[in-house]
Amino acid sequence: MEYKRGQWASNFGFVMAAVGSAVGLGNIWGFPYKMGMTGGFAFLVIYLALVVLVGVVVMLGELAIGRKTGKGVMGAYLSFSKKYAWMGFIGLLAGFLILSFYSVLGGMVMRYMLGYLLQLFGVDGFAGQGTGFFGFMLYDYGGILFCYLVFMALTMLIVMGGVEKGIEKFSSVAMPALFFILLFVIIYVACQPGAIDGYKFMFSPDFSVFSDPEIGFFEVFKTAAGQMFFSLSLGMGCMMTYGSYLSKQENLQKNALIIPLADTIIALLAGMAVMPACAAFNVEYTKGPGLLFVSMQTVFENMGSFGNFVGFMFYFLVFIAALTSSISILEVVTTFQIDHAISKGKTPDRKKISCIYSVLIFVVGLPVALDALGSGGAFMKAPYEMLGIAYKGPGFAMWNDCWLDLYDLISEGVLMPVGAFIMSVLIGWVWKIDVVKDECEAGGKKFAAKKYYAFCFKYVVPVVMAIIFYAQLMDFFG
Ligand code: PHE
């Protein structure tokens, strides 16, 4: 019997799944905190420019190549030539690293959600620690491992259900729900006195960070670019994989605009929930990653009794967002193995494959779960400590903190930009824009703006990448 690889049941389902992949911790956590650290408005402007010039273009490239070849990231590159196998490995390695730290964080979000659920029933959900719970949780290894395990298991169960019955079904319900909860939180926050300062931070023109000696243009640029790749799930084959399950009838070009647009709108909305909330309740939003946990918990604490409900809704929303993203990453490696089995003439067992990969990835993520995010004195030592490097100067400054930073640096900082860069060069210079054009026209729709896309693949994306790598090198050598 021939194995059916599966297909999205509808374009709506595909869009929900793809937007679900894109919208995640990157939007609700990364976007506001990075914006907070790099000057608000200035970050926003660069981010938006990058979405238009690079995000939309790379998105179309990935979807087109995925659908044309009908394969996940490894199979897609192999369909062109055996010599591109390493591009497939870039995607798989990025998937391994991202999913491992992502699920640890997803587990933490789940823990906060459950904490607020308990509080709704009058039970203390945060072990008597109040807003100090974050610091406590990091050293509560049993708790953290348990949440990590549960989050990973949920991810696995959905992926086991398959593309149509698992991922599409879940996303089609979860994404609309996420949107409405987000609107509720935004409206509630907007009614709080003092919220206005948060909007001002986001939207009133101010480019003073560019002349800030501590930050400067390249730092803002690099941060916005990394955030853009991560947030749009680009450069590691995720959209290629999702594209490979899309029917030839569907309009690729339109989809490649809708996904980044929806992702950007949700990132902005998340900023409009988080920034004004912090402003209204006198909580700092420029302090970095603690924003999602420590700062937001403080906000809900200050809201009084209604805070438990809003807190629950908020973390529930983040939980959904994280889950629809984590499933897309597990799907990348699962599809790889499925395609591999098919190419060997075997019948793949999706359930077994996703189970084995979940276990492997869980193991890779253990250091992230056990190093207390680098807070010191934890069960697991930080990477630099393990390597016996006491030196903390230039060059090591970026990854000496914790395992999450190291995994994130390798994936978001290197693998994703490299993956997107090489794919763009291949499309722009080697395969030529016609690979994308022909695929876009497969459903009968004419490919619009061919010149624009060709120009972006050839020049804009590579130039932007060059700036990113330059900024990273500057960072690395202090
Ligand atoms: N885009 C997701 C987010 O913003 C993360 C992600 C990265 C998902 C890579 C899939 C692939 O949280």
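Residues numbered from 1 in each chain as written. Predicted model: local features only at pLDDT ≥ 70, side-chain atom pairs only at ≥ 80, totals over all residues. Heavy atoms only, no water.

So, the confidence of the model for the chain
Per-residue confidence for the chain gives a mean pLDDT of 92; residues scoring 70 or more make up 96%. In the predicted structure, residues 394–399 sits below a pLDDT of 50 and forms 18 contacts with residues beyond four places in sequence or in another chain. (pLDDT = per-residue confidence, 0-100. Contact = heavy atoms within 4.5 Å.)

A short note on the packing of helix α10 (residues 216–231) against helix α17 (residues 403–430)
Interaxial distance between α10 and α17 falls to 10 Å at its minimum, and their mutual angle equals 70°. When the axes of α10 and α17 are compared, the pair comes out roughly perpendicular. Counting all contacts with α10, which are made through Gly-226, Gln-227, Phe-229 and Phe-230, the residues of α17 involved are Glu-412, Met-416, Pro-417 and Ala-420. Here the residues of the contact of α10 with α17 sort into 5 nonpolar, 2 polar and 1 charged. (Axes fitted to C-alpha atoms, helices over the stretch in contact; angles between N-to-C directions. Helix = DSSP H or I, 4+ residues; strand = E, 2+ residues; numbered from the N terminus. Parallel < 35°, antiparallel > 145°, perpendicular 65-115°, else oblique. Nonpolar A, V, L, I, M, F, W, Y, C, P; charged D, E, K, R; others polar.)

Notes on the packing of aromatic side chains
A full pass over the atoms with the stated rule returns 47 aromatic pairs. Geometrically, the ring pair formed by Trp-8 and Tyr-242 is edge-to-face, given 5.0 Å between the ring centres and 75° between the ring planes. Within this pair, whereas Trp-8 is found in the segment before α1 (11–22), its partner Tyr-242 is found in helix α11 (residues 238–243), the two being separated by 234 residues in sequence. Exposure remark for Tyr-242: the relative accessible area of 0% places this residue in the buried category. Ring geometry for Tyr-77 against Trp-431: centres 6.4 Å apart, planes inclined by 40°, an arrangement best described as tilted. In this pair, Tyr-77 sits in helix α4 (residues 73–80) while Trp-431 sits in the loop between α17 and α18 (434–440), placing the two residues 354 residues apart along the sequence. Ring-pair connections join several aromatic residues into one group, and the members of that group are Trp-29, Tyr-33, Tyr-112, Tyr-116, Phe-126, Phe-133, Phe-134, Phe-136, Phe-293, Phe-300, Phe-314 and Tyr-315. For the cation-ring pair, Arg-5 lies above Tyr-245, with the distance from its terminal atom to the ring centre recorded as 4.3 Å. Here Lys-458 stacks its cationic end above the ring of Trp-429, 5.0 Å away from the centre of that ring. (Phe/Tyr/Trp six-rings, centres within 6.5 Å; stacked < 30°, edge-to-face > 60°. Buried < 20%, exposed > 50% of the residue type's maximum accessible area, 1.4 Å probe, protein only. Lys NZ or Arg CZ within 6 Å of the ring centre and 35° of its normal.)

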